[in-house]
Amino acid sequence: MLLIMLLAACGGGSEEETEADASDDEGSEETSEGPEIGQKDLTQPYVAWARETISTHMLGALLEKVGYNVELKQVEAGPMWSSVADGSADFHTSAWLPATHASYWEKYEGDIVKVKQVLDKAPLALSVPSYMEDVNSIEDLKGNEELGEAVDWQVIGIDPGAGIMENTEEAFEAYGLDNWELTTSSEAAMLAELQSAVENEEPIVVPLWKPHWIFGTMDLKMLEDPQEIYGGEGDQIYTVARKGLEEDAPRAYKVMEQYNESYEMIDEMMPKVHAEDQDPAEVVQEFIDNNPDLVDEWLDGVPREE
């Protein structure tokens, strides 16, 4: 009897400790394995703007490395936002807030989640070549007969759904630019007209933003915007996702929470894609191969399946 009591005393609580140890082991195993992959097929819409082409391919490539199948779908700005809001797409890296995409955010914020701010101070403005020395502010456009007649009173715009186009229409009203007209085209068409004007040292007014590769190839200036119609010092750029994606694809969501950008990174890749016409997927892969420490930060705690 004494022996039984001694054995019980020595082994008392051993079952609970064993269960606790097992629980700890399970917890540590789960932590070491990282978040579950969940939904494997993801759709990422984007507009083929300068930065967005790079960032979309970059985030898509990172998610492929951790086991996802990512479909990149090129669309216009409206469908990019609406498809994430209605769940037919999963996320995009192109939310310029609070100014540029304010109307989209106001419409869809109930269905879309801000996952991560990836870039700060991304300014937008009407812009001109630096040789236009007498034009330094949007206010300089008002009643400027000489300039207006030289450019047919036109600001050469991009695709009509872009937030910067809405800003420009608002700027026309705010600054009393009654004679001016905003033309719609595409970013590529606008840049072609800008390049032609610069080569001939002719006047031109266009909406531009940073980061953008064109500032590395031409001497341009952004016009002052005293009323801050374009957001003052600049928007913040966010990765946004449909509601429920964190639960449906935890591993992807964690990567999005850890992914960020810098001007140096984007400026390195943009000219290769947009000025040298290289394949964005190849440019992004080259950056990934050359920056393993940065990739490790983005994928920290996330298992890779490659």
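Residues numbered from 1 in each chain as written. Predicted model: local features only at pLDDT ≥ 70, side-chain atom pairs only at ≥ 80, totals over all residues. Heavy atoms only, no water.

Engineer: When you look at the pairing of strand 2 (residues 69–74) in this model, what are you seeing that I'm missing?
Structural biologist: Looking down a regular strand, the side chains alternate between one sheet face and the other. In terms of strand pairing, strand 1 (residues 41–46) meets strand 2 through 6 bridges, oriented parallel. Within strand 2, the residue paired with Q44 across the bridge is L72. What joins strand 1 to strand 2 is helix 3 (residues 50–65), and the crossover it makes is right-handed. (Pairing = 2+ DSSP bridges. Helix = DSSP H or I, 4+ residues; strand = E, 2+ residues; numbered from the N terminus. Right-handed = clockwise from strand over helix to strand, strands pointing away.)

Engineer: When you look at empty space enclosed by the protein in this model, what are you seeing that I'm missing?
Structural biologist: Regions of empty space are outlined by a rolling probe, equal in size to a water molecule, passed over the atoms. Using the criterion set out here, one finds 1 cavity of 30 Å³ or more in the structure. Roughly 90 Å³ of internal volume is contained in the largest cavity. Considering the residues around the largest cavity, the lining is formed by W49, E52, W96, T100, H101, L124, I158, A162, G163, I164 and W209. Of the residues assigned to the lining of the largest cavity, the class counts are 7 nonpolar, 3 polar and 1 charged. (1 Å grid on protein atoms, 1.4 Å probe; cavity = no way out; pocket = protein on both sides within 12 Å on 5 of 7 lines; lining within 4 Å. Points joined across faces, edges and corners; volume = space filled by probe spheres on them. Nonpolar A, V, L, I, M, F, W, Y, C, P; charged D, E, K, R; others polar.)

Engineer: Quick question: what am I supposed to make of the packing of helix 11 (residues 263–274) against helix 12 (residues 280–290) here?
Structural biologist: Helix packing for two helices is described by the angle between their axes and how far apart those axes are. For the pair helix 11 and helix 12, interaxial distance at closest approach is 9 Å and the crossing angle is 145°. Seen from above, helix 11 lies across helix 12 with right-handed handedness. On helix 12, the residues touching M265, E268, M269, K272 and V273 of helix 11 are P280, V283, V284, E286 and F287. Looking at the contact of helix 11 with helix 12 residue by residue, the class counts come to 7 nonpolar, no polar and 3 charged. (Axes fitted to C-alpha atoms, helices over the stretch in contact; angles between N-to-C directions. Left-handed = near helix turned anticlockwise from the far one by under 90°. Contact = heavy atoms within 4.5 Å.)

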